[in-house]
Amino acid sequence: MSCKPGELCHEGVLRRRALAILGLMAIIFLALSAASFVDSRGQVVPTTITYAGHDAVAGKRVFQAYNCMGCHTIVGNGAYLGPDLTKLYDKAGPAWIEAFLPSAGNWPTSAAVKLQLQNKAVAAEAGVDTIEAYLEKYPAAAERISRRGGHATLMPNLPFSRDEVGELVAFLKYTSRMNTEGWPPVPKVDGLAFPQAKPIPLAAQPASVTAASLSTGAAQPASGAALGEALAKDNGCTACHAPTREKLVGPGWGGLYGSTVTLADGSSVVADDAYLTEKILKPDAKVVAGYEAGVMPSFAEMLDAGQIAAIVAYIRSLEGRKP
Amino acid sequence: MIRIEYQTQRLSLRFFLVMLVLFFFQTGLGLMLAAQHIDPTLLAGTLNFNIVRTQHLNLAIFWVLSGFIATILFVGPLLSKRELAAPWLIKFLFYALLAVVAWNLATQILAQQGIAGWWMGQPLLQEGLEYLEAGRIADVVILIGFAILCYVVLRTFPPLSRWNEIHWGLGLGVLALTAVWMFGLFFVERLDLQEYFRWYVVHYWVEGVWEVIHISLVGFLLVLMFKADIKAVGYAVFWGISLVWLSGLLGNAHHYFWIGTPEFWQFWGSLFSALEPLPLIFCFWHIYLDAHQDAKPIPNMPAFAFLLGSVVLEQVGAGILGFTMTFALTNVWSHGTWVTASHAHLALFGTFGMLGLAAAYYAVPLMRGIERFDQRAGRLSFWLVFTGMLGLGFAFAIGGTIQVFVYRTLGLDWFGGDVAPAMQVTKILVPIFGIVFAAGVCLLVFDLLTLGHRRPVVSNVPEPIAASGEFATRTRWSNWMTGWEAGLWLLAMWVFGGIITLGLLSFNLETVRQGSAVFPYMMAGVGYPGLLLVTLFFVWRFLNSLEARSQASLGLAVAASPAPAGAS
């Protein structure tokens, strides 16, 4: 092993050789590194990706600012509390992510995703403009809606602004376009057929108000408020608005009706039928103090006058219960 | 027992104490994370999981660095035969360390509001990259701190011509520590390029710099504890470091498999990082040789236990568990799952954490002028911490194997609905072993903080030698350990490591891809418990054998011991 005094010793030669090999390895490493980032490789770069006018680099800044890596993985690096986000855009599509992010505490319903498709920019990015075509094109969105839609998630609501949501989607669009050399591996089986995929108990499934049941009136709830409650759930309103005074993403509905609301411009207004109807149709016409414009979408294309009246009736029925 | 010759050695005491306090809080945060994994709604919105995890990671880095700084300051004067240079800078470094820890604690919470403090394109307050979460302000303060450390070390050391391998190891170590840190000081737009440079810091710190400092410090602590020949240790230090760099430089490629860099990295990464255990086997072998080069009793058993734990967990956590997931064909499955958490906990705490604790157990009694101390708390805490950490590694590994199957093979990606429920049992095992670990940490921190300050237990103050007299009967567990036997233990560890590797590899089999978990679950069920139990029993055997020679030297139950196996 080591040199004893007086012994013939090749230690110095060996050591110099080891250092020479190390130098060779450093050269190999640098050469490989240089070859990794040349343009001719065709790897996608974020400066070339935009989503509905948002920039993927800005999205990366948002991704870091919220420390998304502290719960999720991206290209497999990060924490293991939530799923990997690298290919989410490819699987679930932009409309589903747009519906999810502002009220991350709740899984989007079909109507909430459909609502996002009303936005021409989102529909253009998705490549489809009907919910049926969307769910066919993005099966992961269909699976998420059917298994989880309307339920609470395990993610906290985060205070994303309208722009931040768009930028994050742009970043996820960029990552899903990246060539990650086949990772994550594509499953060869349909996991939903396995016992590990827990079926949702029927009792927990959200009450569904379909267009058919409304028109025939067969399953129509007795009072307007009850219909409004079902509509609110089905259209994803409750993902942001609690039936209490609690603020989830938007203001809680408990005790809202008839109260005086202070607007961002300093004026105040009474929350009556006309005000609430206007909020549902044109949410940014009057912005409430402490809230940001653009977070709530317009339901003008989604709900007819009767349905809006039912939802307003439901809000009217909610006393100001403490959360 | 040596006496403190150089007064500036005492400056290391405050760093040791800070290390212990940070370690205590980091363990508490770990328990909190375990609880949040079981119920993710716990404190959601108040103190989100990512904030707690960030602190858990950052405090781990801070306390390991505190341990390094403390140990370097303690051995610096001994290596140089003179006082440390610029003691006032060291005092400044200490307050800078406290300030940066507090600042980072305060700024990380801003991630809940998405505030990074962007200024000229740089995140000043926090930057949300795993391990490098500290914002640019903290980054720069840390860089200054490293520069101070370099200055102190290099000014204290004798002229270059009189450097031995340990000087070279530490000198290059602190310089590289500073140099590598600079790759984390820039916002990078491309995700692949950012991950490429992020691993410069993380991988080259751990496998290039920390390991070099680790080898040098373990070497010198062995010189101090066993009066081992500094030439022989220097030989081991040189080749240890060379092997670390020869394998680790290109071994970094194992982080470049799936981040968007080209496929050729899979070849280089699989090949060279498979060599990364070599220096660890080498170190493992040397601690056996150095501990057995004479048959003298060991006066400070807790210090040696932690040093042994450090080298053994380096072998098991970094060497073997790292090896199992280093091939592209196994890594494609383990990547991004709890399987990697098992490796990370054993390797990081084991290798670097235990070294700091060993050095603290060695240096704190000396600095407090305690000739003999009650070693029972130290030993008990070692066993609690050691078994707790092995248990944590087991829980993460089994949970990770289930996660790979459910998440990757079946493609179920609903963590709340499908993945987490499948892992539920192991998610509960984590805090159970975590509590064992935390109990050890509380005992250890209390013991070291109050050593020499609390009243000795009057009834039974076991002197180190008398303490081992309790082992009146010698069992086969306490026979002299031969080199053959140590080799057999090592072989057994690697056999189980091989089983684990085949288990991860079996995820590629067509039957597994078609939804049968029998192979991977069986292999993991044999491999992980086997490896961790062999590790536990090996350390038990090693320490028993060393305790027994204290008796032998006292003339209690002297049995014919074979001569020490080939000293270096």
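Residues numbered from 1 in each chain as written. Chains lettered and ligands numbered in written order. Predicted model: local features only at pLDDT ≥ 70, side-chain atom pairs only at ≥ 80, totals over all residues. Heavy atoms only, no water.

1. Topic: the overall build of chain A
And then number 1: Looking only at helices and strands, one finds 12 helices and six strands in chain A.
And then number 2: Counting only residues that meet the buried cut, chain A has 50% of its 323 residues in that class.
And then number 3: The contacts in chain A between residues at least 6 apart in sequence include a share of 62% that link residues at least 24 apart.
And then number 4: Carbon and sulfur atoms form 59% of the exposed surface of chain A, whose accessible area is close to 14900 Å². (Helix = DSSP H or I, 4+ residues; strand = E, 2+ residues; numbered from the N terminus. Buried < 20%, exposed > 50% of the residue type's maximum accessible area, 1.4 Å probe, protein only. Contact = heavy atoms within 4.5 Å. Areas by Shrake-Rupley, 256 points an atom, 1.4 Å probe, with all protein chains shown as cover.)

2. Observations regarding the overall build of chain B
And then number 1: The helix and strand inventory of chain B stands at 19 helices and two strands.
And then number 2: In terms of principal-axis extent, the alpha carbons of chain B reach across some 65 × 55 × 50 Å.
And then number 3: A burial count over chain B gives 65% of its 568 residues as buried.
And then number 4: Residue pairs in contact within chain B that sit at least 24 positions apart in sequence constitute 83% of those at least 6 positions apart.
And then number 5: Within the structure as shown, chain B displays about 19500 Å² of accessible surface, and the carbon and sulfur contribution to it stands at 73%.
And then number 6: Put simply, chain B has 28 plus and 29 minus side-chain charges, and the middle of one group is 11 Å from the middle of the other. (Lys, Arg positive; Asp, Glu negative; His and termini not counted. Charge placed at Lys NZ, Arg CZ, Asp CG, Glu CD.)

3. With respect to the confidence of the model for chain A
And then number 1: On average, residues of chain A carry a pLDDT of 88, and 89% of them reach 70 or more.
And then number 2: Note that residues 203–219 of chain A has pLDDT below 50 and, in this model, 18 contacts with residues that lie over four places away or in other chains. (pLDDT = per-residue confidence, 0-100.)

4. Considerations on the interface of chain A and chain B
And then number 1: The interface of chain A with chain B comprises 77 residues on the first partner and 93 residues on the second.
And then number 2: Summing both partners gives a buried area of about 7500 Å² for chain A against chain B, and 64% of it is carried by carbon and sulfur.
And then number 3: If you sort the residues of chain A by the area they bury against chain B, Phe-29, Phe-37 and Tyr-80 of chain A come out on top, with a joint share of 11%.
And then number 4: Put simply, chain A and chain B have five salt bridges between them.
And then number 5: Across the pair Arg-15 of chain A and Glu-165 of chain B runs a salt bridge whose closest N-O atoms are separated by 2.8 Å.
And then number 6: Across the contact surface, chain A and chain B share 28 residue pairs in polar contact (both at pLDDT 80 or more).
And then number 7: When contributions to the side of chain A that touches chain B are tallied by element, the ones reaching two or more residues are α1 (11–36), α2 (56–65), β3 (73–74), β4 (77–78), α7 (139–148) and α8 (162–177) of chain A.
And then number 8: Counting residues per element, the side of chain A that touches chain B draws most heavily on α1 of chain A, which supplies 14 residues.
And then number 9: In the side of chain A that touches chain B, the residues fall into 43 nonpolar, 18 polar and 16 charged. (Buried area = accessible area lost by both parts, 1.4 Å probe. Salt bridge = Lys/Arg side-chain N within 4 Å of Asp/Glu carboxyl O. Polar contact = N/O pair within 3.5 Å; in protein donor to acceptor, adjacent residues only side chain to side chain. Nonpolar A, V, L, I, M, F, W, Y, C, P; charged D, E, K, R; others polar.)

5. Digging into the pattern of salt bridges
And then number 1: Across all of its chains, the model carries 23 salt bridges over all chains by this definition.
And then number 2: The partner of Arg-147 of chain A in a salt bridge is Glu-143 of chain A, and the shortest N-O contact between them spans 3.0 Å. Remark: Glu-143 of chain A and Arg-147 of chain A occur in helix α7; sequence separation between them is four residues, near one turn of the helix.
And then number 3: The closest approach of N and O atoms between Asp-447 of chain B and Arg-454 of chain B, which form a salt bridge, is 2.6 Å.
And then number 4: Owing to a relative accessible area of 30%, Arg-454 of chain B belongs among the partly exposed residues under this scheme.
And then number 5: Connected via shared salt-bridge partners are Glu-143, Arg-144, Arg-147 and Arg-148 of chain A together with Asp-413 and Asp-418 of chain B.

6. Some words on the side chain of Gln-36 of chain B
And then number 1: The residue Gln-36 of chain B is located in helix α1 (residues 12–38) in this model.
And then number 2: Judged by its relative accessible area of 1%, Gln-36 of chain B is buried.
And then number 3: Sequence-distant contacts of Gln-36 of chain B, that is, excluding residues within four places in its chain, are made with Leu-81 of chain A together with Leu-42, Leu-43, Leu-47, Asn-48, Phe-49 and Val-52 of chain B.

7. Overview of the nonpolar core
One broad rule of soluble globular proteins: the nonpolar side chains tend to lie buried together.
And then number 1: One finds Trp-96 and Tyr-134 of chain A together with Trp-205, Trp-210 and Phe-304 of chain B to be the most contacted residues of the largest nonpolar core, which totals 249 residues.
And then number 2: A per-element tally of this core places helix α6 (residues 191–226) of chain B first, with 22 residues.
And then number 3: Setting aside anything within four residues of it in sequence, one finds Tyr-134 of chain A in contact with Ala-92, Gly-93, Pro-94, Ala-95, Trp-96, Val-113, Leu-117, Ala-126, Val-128 and Ala-141 of chain A.
And then number 4: By size, the runner-up hydrophobic cluster in this structure holds 26 residues, among which are Ala-111, Leu-227, Ala-232 and Ile-308 of chain A. (Core = buried A, V, L, I, M, F, W, Y, C linked by side-chain atoms within 4.5 Å.)

8. Digging into helix α12 (residues 338–367) of chain B
All names here are of chain B.
And then number 1: Over its 30 residues, α12 extends 41 Å from the first C-alpha to the last, a length consistent with the 44 Å expected when each residue adds 1.5 Å.
And then number 2: The largest bend along α12 reaches roughly 30° and is located at Gly-353.
And then number 3: Among the 30 residues of α12, 26 are classified as buried, and the element is accordingly described as predominantly covered.
And then number 4: Phi turns positive, to about 70°, at Gly-369, one or two residues after α12. (Expected span 1.5 Å × (residues − 1). Bend = angle between axes of the 7 residues up to and from the residue.)

9. Considerations on the confidence of the model for chain B
All names here are of chain B.
And then number 1: On average, residues of chain B carry a pLDDT of 90, and 93% of them reach 70 or more.
And then number 2: Counted against residues more than four places away or in other chains, residues 555–568, with its pLDDT under 50, gives 23 contacts.
And then number 3: Note on the complex model: pTM 0.91, ipTM 0.92.

10. A look at the packing of helix α5 (residues 165–181) of chain B against α6 of chain B
Residue and element names in this part refer to chain B.
And then number 1: Packing of α5 against α6 brings their axes to within 9 Å, and their N-to-C directions diverge by 160°. With respect to each other, α5 and α6 are oriented roughly antiparallel. Here α5 runs over α6; the crossing is left-handed. Here Ile-166, Gly-169, Leu-170, Gly-173, Val-174, Ala-176, Leu-177, Val-180 and Trp-181 of α5 come into contact with α6, specifically with Tyr-200, Val-201, Tyr-204, Trp-205, Val-209, Trp-210, Val-212, Ile-213, Ser-216, Leu-217 and Phe-220. (Axes fitted to C-alpha atoms, helices over the stretch in contact; angles between N-to-C directions. Parallel < 35°, antiparallel > 145°, perpendicular 65-115°, else oblique. Left-handed = near helix turned anticlockwise from the far one by under 90°.)

11. Some details on unusual backbone geometry
And then number 1: Cis geometry is adopted by the peptide bond preceding Pro-184 of chain A, which originates at Trp-183 of chain A and carries an omega value of -5°.
And then number 2: Inspection of the secondary structure puts Pro-184 of chain A in the loop between α8 and α9 (211–216).
And then number 3: At Leu-43 of chain B, a residue that is not glycine, the phi angle is positive and equals roughly 60°.
And then number 4: With respect to the helices and strands, the residue Leu-43 of chain B is situated in the loop between α1 and α2 (49–80).
And then number 5: On the basis of relative accessibility, which here comes to 36%, the residue Leu-43 of chain B falls in the partly exposed class.
And then number 6: Here the phi dihedral of Ala-86 of chain B falls at roughly 50°; this positive angle occurs in a residue that is not glycine.
And then number 7: Relative to the assigned elements, Ala-86 of chain B resides in the loop between α2 and α3 (87–108).
And then number 8: The exposure class assigned to Ala-86 of chain B is buried, which follows from its relative accessible area of 19%.

12. Thoughts on the environment of Leu-289 of chain B
All names here are of chain B.
And then number 1: Note that Leu-289 resides in helix α9 (residues 277–291).
And then number 2: Given a relative accessible area of 4%, Leu-289 falls into the buried group.
And then number 3: The sequence separation of Leu-289 and Gly-483 amounts to 194 residues, and the corresponding C-alpha distance is 8.0 Å.

13. Remarks on helix α14 (residues 415–422) of chain B
And then number 1: Within the span of α14 of chain B, buried status applies to Phe-415, Gly-417, Asp-418, Val-419 and Ala-420 of chain B.
And then number 2: Next to the buried residues of α14 of chain B lie α7 of chain A together with α13 (376–409) and α15 (424–450) of chain B.

14. Examining the side chain of Ser-66 of chain B
And then number 1: Within the secondary structure, Ser-66 of chain B sits in helix α2.
And then number 2: Once you skip the residues sitting within four places of it in the chain, Ser-66 of chain B turns out to touch Phe-15, Val-18, Met-19, Leu-22 and Leu-97 of chain B.

15. What about the environment of Leu-533 of chain B?
Residue and element names in this part refer to chain B.
And then number 1: Within the secondary structure layout, Leu-533 lies in helix α19 (residues 518–554).
And then number 2: For Leu-533, a relative accessible area of 44% corresponds to the partly exposed category.
And then number 3: Along the chain, Leu-533 and Leu-390 lie 143 residues apart, while their C-alpha atoms are 8.4 Å from each other.

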